[in-house]
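# Analysis of the macromolecular model
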Amino acid sequence: MAVSSIGASKLLVKAGGIGSQPSDLRRLSLSPVQISVRPRGHAPARRSVEVQASGNVFGSLFQVSTFGESHGGVVGCTISGCPPNVPISEADIQFELDRRRPGQSRITTPRKETDTCTIQSGVSDKGLTLGSPIHIFVPNTDQRGKDYSEMALAYRPSHADATYDFKYGIRAVQGGGRSSARETIGRVAAGAVAKKILKMLGTEVLAYVSQVHKVVLPDGVVDHETLTMEQIESNIVRCPDPEYAQKMIEAIDVVRVRGDSIGGVVTCIARNVPRGLGQPVFDKLEAELAKAMLSLPATKGFEFGSGFAGTFLMGSEHNDEFYVDPNGKIRTKTNRSGGIQGGISNGEIINMRIAFKPTATIGKKQYTVTRDREETELIARGRHDPCVVPRAVPMAEAMAALVLVNQLMAQKAQNELLPFTSPLQEPIPTVAPLNHV
């Protein structure tokens, strides 16, 4: 927020930052909010307030705007700021959407959607990004609006139904509208493009389920140095350890048949992340990752590195001691910092954990109130996940990838514009030019 002028009777504040929105949306975030101020004793001042920001855009350089409601005609995203000449296809995006889609197993919502994507702009007929906005479109095909007739009147406990009414006075009842996890289709689609860029630079983002309710994967069982996508995708709960995966599946099955739900934890890692990503103070890398992850539906907690467990250690136990590896690089012997120190990546594996609450919509009787403030009982209908974490895995990967691509572009723009002055600085890896005519 930048104060553009201060006078005796008026304060003019511009919300947003230059370059924080795509050109066709910049006027929304840069529109001034005018607040008139008069000395005490004068007649009440007339306020002129203009608010046009709506929180649908993520990122500053690689920007993603998602659109659509759960039971509307379509969902999807528009990506602005994607570099040109990135090879991307609908198949690349579809792979990630298939990991997120409903109806993929008995432990997910039974809603049947193919989530078939179409790239409508921004990619050439040779499959390369053009540098212009990329529009990705996914139709909704299995809506059942009648399942939400009771919820049009009564609020689901712990759902966004009530707060949307508190804020807007109106809401999309069917499926929860924008508060539905259907919104994350746009994030995952954009994340597929971001992951492709990261892969070209040698960086990989992976996530997996590390806890379902009281089934907790012990530390050290998964080797983050060697973890593969194949291990994660080897079972329907997306836990890379077969023994614990089966226990998690059984825990979800128990509550599924009862019409109840449980929560869990997704662990996300990023390997081979260049050093120097992130900004000091307010835009620390972990702060950007936390915002990204906590913007996902049903999230309740975020920690990275040693997290809250680090509070039980002394400094002599917690500190990551440095050493020089055989290649002459400065490394850390341990990684309790989670790959980030002082808000800046240090080259070690970034690791974080995201807590997801039990699904709010359940098939058990609950006490609630109606829009008319009448107390009532509600048994929610509809098709909902008994546990969201198996499908949250690609969502977490997507948000991490979006943050890292934004940070890579910022690092390239700020710190590689002029020659390096220290041998400790490292350039962002370059990609060999593509041969195309």
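Residues numbered from 1 in each chain as written. Predicted model: local features only at pLDDT ≥ 70, side-chain atom pairs only at ≥ 80, totals over all residues. Heavy atoms only, no water.

## A look at the overall build of the chain
Quick note on the threshold: Put simply, DSSP marks the helices as runs of H or I at least four residues long and the strands as runs of E at least two long, and each gets a number from the N terminus on. When accessible area is computed with a 1.4 Å probe and restricted to protein chains, residues below 20% of their type maximum are described as buried, those above 50% as exposed, and intermediate ones as partly exposed. Whether two residues are in contact is decided by their heavy atoms, any of which lying within 4.5 Å being enough. Note on areas: these come from Shrake-Rupley sampling with a 1.4 Å probe, and a residue is covered only by the protein chains present in the view.
Summing up its helical and strand segments, the chain has 9 helices and 19 strands in all. Classification of the 437 residues of the chain by burial places 45% in the buried group. Looking at the chain alone, contacts between residues at least 24 apart form 68% of all its contacts between residues at least 6 apart. Here the chain has roughly 22,400 Å² of accessible surface; of this, 55% comes from carbon and sulfur atoms.

## Some details on the pattern of salt bridges
Stated formally: We define a salt bridge as a side-chain nitrogen of Lys or Arg found within 4 Å of a carboxyl oxygen belonging to Asp or Glu.
In total, this model carries 28 salt bridges according to the counting rule given. For the salt bridge of Glu397 with Lys195, the shortest nitrogen-to-oxygen distance reads 2.7 Å. On the criterion of sequence distance, the pair formed by Glu397 in helix H9 (residues 389-415) and Lys195 in helix H4 (residues 184-200) is long-range, its members being 202 residues apart. Between Arg275 and Glu426 there is a salt bridge, and its shortest N-O distance comes to 4.0 Å. Taken together, the positions of Arg275 in the loop between strand S11 (264-271) and helix H7 (285-294) and Glu426 in the segment after H9 put the pair 151 residues apart, joining distant regions of the chain. Among the ionic contacts, a cluster of salt bridges with common partners joins Glu96, Arg99, Lys195, Glu233, Arg238 and Glu397.

## Some thoughts on the environment of Gln63
Note the threshold: Counted as a polar contact is a pair of N or O atoms within 3.5 Å, where, for protein atoms, one must be capable of donating a hydrogen and the other of accepting one, and residues adjacent in sequence contribute only when both atoms are in side chains.
Along the chain, Gln63 turns up in strand S5 (residues 63-68). Judged by its relative accessible area of 5%, Gln63 falls in the buried class. Remark: the alpha-carbon pair of Gln63 and Gly81, spanning 18 residues in sequence, is separated by 6.2 Å. Engagement of the side chain of Gln63 in a polar contact is seen with the backbone oxygen of Gly59, the distance being 3.4 Å.

## A word on the environment of Asn85
With respect to the helices and strands, Asn85 occurs in the loop between strand S6 (74-80) and helix H2 (90-100). Here Asn85 falls in the partly exposed class, since its relative accessible area comes to 33%. Once the C-alpha coordinates of Asn85 and Val123 are considered, the two residues, 38 residues apart in sequence, prove to be 8.9 Å apart.

## Points about the environment of Gly73
Within the element layout of this structure, Gly73 appears in the loop between S5 and S6. Given a relative accessible area of 51%, Gly73 falls into the exposed group.

## Re the confidence of the model for the chain
Condition: Confidence scores labelled pLDDT are given residue by residue by the predictor and lie between 0 and 100.
Averaged over every residue, the pLDDT of the chain is 86; the share at 70 or more is 84%. Segment residues 1-39 is flagged for pLDDT under 50; beyond a separation of four residues in sequence, or across chains, it makes 65 contacts in the model. A low-confidence stretch, residues 48-52 stays under pLDDT 50, and its non-local contacts, those more than four residues away or across chains, total 11 contacts.

## A few points about the side chain of Glu397
You can call Glu397 buried: its relative accessible area is 0%. In contact with Glu397, other than residues within four places in its own chain, are Glu96, Arg99, Lys195, Val205, Leu206, Ala207, Met229 and Cys268.

## Re the side chain of Arg182
Summarising the element assignment, Arg182 is placed in the loop between helix H3 (161-168) and H4. One polar contact links Arg182 to Asp115, side chain to side chain, over a distance of 2.9 Å. When residues no more than four places from it in sequence are discounted, the contact partners of Arg182 are Ser70, Val75, Arg100, Pro102, Arg111, Glu113, Asp115, Pro139 and Asn140.

## A few points about the packing of H2 against H9
Note the following rule: Axis definition: a line fitted to C-alpha atoms, limited for helices to the stretch in contact. Angles are taken between N-to-C directions and run from 0 to 180 degrees. Oblique is the label for every angle not falling under 35 degrees (roughly parallel), over 145 degrees (roughly antiparallel), or within 65 to 115 degrees (roughly perpendicular). The residue classification treats Ala, Val, Leu, Ile, Met, Phe, Trp, Tyr, Cys and Pro as nonpolar and Asp, Glu, Lys and Arg as charged. All others, Gly included, are polar.
At their nearest, the axes of H2 and H9 sit 7 Å apart, and the two run at 140° to each other. Taken together, the axis directions place H2 and H9 in an arrangement best described as oblique. On H9, the residues that touch Glu96, Arg99 and Arg100 of H2 are Arg391, Val393, Pro394, Met395 and Glu397. In terms of residue class, the contact of H2 with H9 is made up of 3 nonpolar, no polar and 5 charged.

## Brief notes about the nonpolar core
Where we set the bar: Side-chain atoms within 4.5 Å link the members of a nonpolar core, which is a set of buried Ala, Val, Leu, Ile, Met, Phe, Trp, Tyr and Cys residues.
Counting 85 residues, the largest nonpolar core has Phe62, Ile79, Ile93, Val212 and Met293 as the members making the most contacts within it. With 14 residues, H9 is the single largest residue contributor to this core. If we ignore the near neighbours within four places in the chain, the residues touching Ile79 are Phe62, Gln63, Val64, Ser132, Pro133, Ile134, Ile136, Ala190 and Val193.

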